[in-house]
Amino acid sequence: MEMVEFHKHPLLPVTRFSFGSCKGCSSFGYIYGGYRCNELGCEEYVYHKECAELLPEINHSSHPDHPLKLLIRDGESACNRCGDSFKNGYFCSICDFKLDIRCAKGPAPLLILENSNLHDHPLHLVKKSIYESGYDRKCKACDIDVYFEIGLCYKCYECKLVFHEECDKFFPEANHTSHPQHPLKLLSYKAAPKYADKKCLLCGMGFDQRLHHCDICNFSICSRCMSNPPPLVVVSRTTHEHQLHLFPRRMDFTCNACGMQGNRSPYFCLQCNFMIHRKCIDLPRVININRHNHRISYTRRLGHGDWKCGVGLCSKKVDGFYGAYSCSKCPKDVFHASCATREDVWDMIELEGTPEEPEEPPFVVIDDNTIKHFSHDHNLRINKDGGMLHESILCQACVFQICSELFYNCEECDFILHEKCANLPRKKRHLCDSLPFTLDTNSEGEASKCYLCRQDFTGFRYMCLNRDIVLDVRCSSLSEPFVHESHQHPLYYTGGYCMSKCTACGDCTNREIYSALFNCDECDFRLGFKCAILPHKVMRHRYDDHPLCLSYSESSVDGEYYWCEACETKVNPRKWFYTCKDCGVALHISCVVGDVSYVMPGSVLSVARLAGGLKFYDGEVVPNTSICRPICTVCNSRCKLPSILQCNPRSTIFLQLSMTGYVCSLGCH
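Residue numbers here run from 1 along each chain, matching the order of that chain's written sequence. It should be noted that, the model being predicted, local features are given only for residues of pLDDT at least 70 and side-chain atom pairs only at 80 or more, the latter also being counted only at that level, while totals for whole chains, interfaces and linings use all residues. As a convention, hydrogens and water are excluded, and side-chain values are obtained from all of the structure's heavy atoms.

Q: Would you mind going over the overall build of the chain with me for this structure?
A: Along the chain, the regular secondary structure elements total 8 helices and 55 strands. By its C-alpha atoms, the chain is 90 × 70 × 60 Å across when sized along the principal axes. Sorting the 669 residues of the chain into buried and exposed places 48% on the buried side. The contact rule is simple, with two residues in contact once any of their heavy atoms fall within 4.5 Å. At a minimum sequence separation of 6, the contacts of the chain that also span at least 24 residues come to 52%. For the chain, the exposed area adds up to about 34300 Å²; of that, 50% sits on carbon and sulfur atoms. To qualify as a helix, a DSSP run of H or I must reach at least 4 residues; to qualify as a strand, a run of E must reach at least 2; elements of each kind are numbered from the N terminus. Burial classes: relative accessible area under 20% of the type maximum marks a residue as buried, over 50% as exposed, and values in between as partly exposed (1.4 Å probe, protein chains only). Method for areas: the Shrake-Rupley scheme with a 1.4 Å probe, in which residue coverage is limited to the protein chains shown.

Written out as structure tokens, the structure is:
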């Protein structure tokens, strides 16, 4: 019989170890080898070897009357054998009998345990549900809460006791292939002896609530490695020409594949004195990463040289006598194998044997002064006059002043681009995600919110469609090491759902929103993207005819305050602010760059505000250039920012306040 097609793309056989959920049987843990999808956007599709090779039809002892057919489906069903929920499995269309893959490919858990080490009475296999009154919450075998995880458990109806399903296999002790000398005792983490290691000897992960321990040898492993032991022998021709054997013990070693240190359970080849981390087995040969613009290739030895890793906060020495990644076009750029293959760096696509796509240029050169840019219907001509344009003339890509920079303009309409913006690549990679981004010209002019600085903007944008991520061109241009005038050390990108604080503005990030910062690994300095993209110089402002320069604090000013020319309140000189070096004028950053400063005038923002009741309104961004500044409808003060919102109510639930009129900013209250 032929294998069933589990996935829409061909699956690639691998010997690499991966950690996650098998898309076939949905079990979570280590997958040793197996199959994976090598298409962009499908990097999570990993399968056990036996799951990917399942037959489309089987005969099974649990249902001897009819054959069972394998169905791949999105909805969930309940297994008639164990009662657990599943998606992919075997079905009998005649009897409506359902069997999950776990029960189909291996010994199914017994529905009733008659003679068990767990308990004297019969135990019944049931699906975990809401805790039932009268039953003990904790497993009588390991003293751990049974309802902490979903799945199956055993119950004694007579004694009102519950047991984990897996405790039947391992209580009070069981043998393991990686430690054949003695059986391993099942212990709760709290009951583990103090001398025991705090991490699994095999995979190096911390213990959850239980562990399996040999008190004779001080050998401890986690539940995942106990139920799903790593192979004792691995054959991976892309890794080494000989068999690799597991050496299950604590030992310090240098991995031949990546040159980094390890401290437990390597795989080794005795005749070659070759040792390797389990995670470095079957490293990909050619890959793309978000820290480099070209493909990089794995080499088993770099050779002599003073190398440093090009991935973020690592920047450590790369030993040329071990394996690493390098770029054929940029000989000085090398990367640790363990850094380059991180999930937040590598897009998980192997490119060996795949021809490289030619880079698509953003424009076609017509002559020395004229280009045809892909974003515009007409030709654009470069302007090298060096004159100062009015501050209201904005680049269509970055929505910022052209000022005295080189630019391209259209002679048939008012389309204009900075020279640097005209050269923005059509495709690029960015630190914030491992997948590529595509430049979108946003011809409709709709406003988006940047994933990194969390500000509304129009103009060109980079989009990662697989992740639904949008970046403005300012944030997308920042790379690492990031050198900023405000700090003496290079900064490196970190992102995640965590609480952090920008040193410049003091804003705290939210655990519920993805937060991106540049961090210093030499001191406690952090810089958020909103502050990192602040323009160093603003040419012409309604409060001063000279350029305003960004000041990063004046530590020499002790106990004094400046006076903001816009809002007429104090400016703390020990914080960032804008100042005129000719006149000494000082302004708050929020009085120069507002939250609609990156939105093209004439654009409409749909806004929801909770102020005196929930209100929805459409606000058109308009320049604040009139001699008499309008009064804000919300805060009743004069609107001070260069761009403000002219609002019209769309729908109002509570009518205490009218939203018709002007609003200073989205954050006005």
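Now, onward.
Q: Explanation requested: the pairing of strand S22 (residues 250-254) in the structure shown.
A: Within a regular beta strand, the side chains point alternately toward one face of the sheet and then the other, so they alternate between its two faces. Only one face of S22 is covered, namely the one carrying Met-251 and Phe-253; the face carrying Arg-250, Asp-252 and Thr-254 has none of its residues buried. Note on pairing: DSSP must find at least two bridges between two strands before they are called paired. Sheet analysis places S22 next to strand S23 (residues 261-264), joined by 3 bridges and oriented antiparallel. Bridging from a neighbouring strand, Arg-250 pairs with Arg-264 of S23. Connecting the antiparallel pair S22 and S23 is a turn made up of 6 residues, with Gly-259 showing a positive phi of about 80°.

Q: Even after reading the chapter, I still don't get the sheet that holds strand S16 (residues 173-176), so can you show me in this structure?
A: Pairing between the strands of a sheet is mediated by backbone hydrogen bonds and can be parallel or antiparallel. Reading across from one edge, S16-S17-S18-S19 is the order of the 4 strands in this open sheet, with antiparallel pairing throughout. Of all strands in the sheet, those with a lone pairing partner are S16 and strand S19 (219-222), marking the two edges. Direction aside, the axes of adjacent strands within the sheet are offset by 35° on average. When strand S18 (residues 210-214) meets S19, the two strands line up antiparallel, connected through 4 bridges. Lines fitted to C-alpha atoms define the axes, with helix axes restricted to the stretch in contact, and inter-axis angles between N-to-C directions lie between 0 and 180 degrees.

Q: Would you mind going over the nonpolar core with me for this structure?
A: Here, the term nonpolar core denotes a set of buried Ala, Val, Leu, Ile, Met, Phe, Trp, Tyr and Cys residues that are joined through side-chain atoms within 4.5 Å. One finds Leu-452, Phe-518, Leu-527, Phe-529, Trp-576 and Tyr-578 to be the most contacted residues of the largest nonpolar core, which totals 71 residues. If we skip the residues at most four places from it in the chain, Phe-518 touches Leu-431, Leu-478, Ser-479, Phe-482, Leu-491, Tyr-492, Tyr-493, Phe-525, Arg-526, Leu-527 and Phe-529. With 57 residues, the next largest nonpolar core counts Leu-202, Leu-244, Tyr-298 and Trp-307 among its residues.

Q: Would you explain the sheet that holds strand S31 (residues 334-335) in this entry?
A: In space, the 4 strands of this open sheet follow the order S26-S27-S30-S31, with antiparallel pairing throughout. Every interior strand has two partners, whereas the edge strands, strand S26 (286-287) and S31, have only one. Judged from the 2 bridges that link them, S26 and strand S27 (residues 296-299) form a sheet pairing that is antiparallel. Note on S27: the bridge partner recorded for Val-286 is Ser-297.

Q: How should I be thinking about unusual backbone geometry in this particular structure?
A: Residues other than glycine predominantly adopt negative phi, and peptide bonds predominantly adopt the trans conformation. Of note, the amide linkage connecting Phe-171 to Pro-172 takes the cis form, showing an omega dihedral of -5°. Positionally, Pro-172 belongs in the loop between helix H3 (167-170) and S16. A cis amide bond links Glu-480 to the next residue, Pro-481, at an omega of -5°. Within the secondary structure, Pro-481 is located in the loop between helix H7 (473-476) and strand S43 (492-496). Of note in the backbone geometry, Val-399 takes a positive phi value of approximately 55° without being a glycine. By the secondary structure assignment, Val-399 is in the loop between strand S34 (380-383) and strand S35 (407-410). Here Arg-454, not a glycine, exhibits a phi torsion of approximately 65°, which is positive. Along the chain, Arg-454 falls in the loop between strand S39 (448-449) and strand S40 (456-457). Overall, the relative accessible area of 37% leaves Arg-454 in the partly exposed class.

Q: Sorry if this is basic, but what is going on with the UniProt feature "domain: DC1" (unreviewed entry) in the chain here?
A: UniProt positions are given in the numbering used here, feature names are shortened, and annotations may be inferred rather than shown by experiment. As annotated in UniProt, the feature "domain: DC1" (unreviewed entry) corresponds to residues 62-104, 178-226, 239-281, 290-340, 374-422 and 542-592 in the numbering used here. For the annotated span residues 62-104, helix accounts for 9% and strand for 49% of the residues, and the straight-line distance between the end C-alpha atoms is 9 Å. The straight-line gap between the two end C-alpha atoms of residues 290-340 is 9 Å; of that span, 8% is helix and 25% is strand.

Q: Is there a simple way to explain a nonpolar patch on the surface in this structure?
A: Note that patches include only residues with greater than 30% relative accessible area and no salt bridge, and the join distances are 9 Å for like charges and 5 Å for nonpolar side chains (Val, Leu, Ile, Met, Phe, Trp, Tyr). Every case where a carboxyl oxygen of Asp or Glu lies within 4 Å of a side-chain nitrogen of Lys or Arg is listed as a salt bridge. Together, Leu-232, Val-233 and Val-235 make up an exposed nonpolar region whose accessible area comes to about 210 Å². Relative to the helices and strands, Leu-232 resides in the loop between helix H4 (223-227) and strand S20 (233-234).

Q: Any chance you could explain the pairing of S19 here in plain terms?
A: Here S19 shows a buried face lined by Phe-219 and Ile-221 and a second buried face lined by Ser-220 and Cys-222. Between S18 and the antiparallel strand that follows it, S19, lie 4 residues; Asn-218 among them carries a positive phi value of about 55°.

Q: Would you take a moment to explain the pattern of salt bridges for this structure?
A: Two side chains bearing opposite charge may form a pair once their charged atoms approach each other closely. One pass over the structure, following the stated rule, counts 25 salt bridges. Notably, a salt bridge pairs Lys-449 with Asp-456, separated by 3.5 Å at the nearest N-O pair. The class for Lys-449 is partly exposed, based on a relative accessible area of 41%. The class of Asp-456 is buried, set by a relative accessible area of 15%. Here Arg-526 ties to Asp-524 by a salt bridge, and the two come within 3.1 Å at their closest N and O atoms. Connected via shared salt-bridge partners are Arg-16, Arg-36 and Glu-350.

Q: Any chance you could explain the packing of aromatic side chains here in plain terms?
A: The relative placement of two aromatic rings is captured by the distance of their centres and the angle of their planes. Pairs were defined over the aromatic rings of Phe, Tyr and Trp, the Trp ring being its six-membered one, requiring ring centres within 6.5 Å. Orientation was assigned from the angle between planes: stacked under 30 degrees, edge-to-face over 60, tilted for the rest. If you walk through the whole model with that rule in mind, you get 15 aromatic pairs. With centroids separated by 5.8 Å and ring planes inclined at 40°, the aromatic side chains of Phe-86 and Phe-91 adopt a geometry described as tilted. Assessed through its relative accessible area of 7%, Phe-86 is described here as buried. Through successive ring pairs, a cluster of aromatic residues spans Phe-17, Phe-19, Phe-28, Tyr-30, Tyr-32 and Tyr-267. Any Lys NZ or Arg CZ found within 6 Å of a ring centre and within 35 degrees of that ring's normal is scored as a charge over the ring. The ring of Tyr-561 is capped by Arg-574, whose NZ or CZ atom sits 5.5 Å from the centre of that ring.

Q: Sorry, what's going on with the environment of Pro-490 here?
A: Secondary-structure assignment places Pro-490 in the loop between H7 and S43. Taking the C-alpha atoms as reference points, Pro-490 and Asn-379, 111 residues apart in sequence, are found 40 Å from one another.

Q: What am I meant to see in the side chain of Arg-16 here?
A: Turning to its location among the elements, Arg-16 is positioned in the loop between strand S1 (11-13) and strand S2 (17-21). Under the relative-accessibility criterion, Arg-16 is labelled buried at 10%. Contacts described as polar in this section are N or O atom pairs within 3.5 Å, which, within protein, must combine one atom able to donate a hydrogen with one able to accept it, while residues neighboring in sequence count only if both atoms come from side chains. Here Asp-282 takes part through its backbone oxygen, which lies 2.9 Å from a polar atom of the side chain of Arg-16. Leave out the neighbours within four places in its chain, and Arg-16 touches Ile-31, Tyr-32, Gly-33, Arg-36, Ile-281, Asp-282, Leu-283, Pro-284, Trp-346 and Glu-350.

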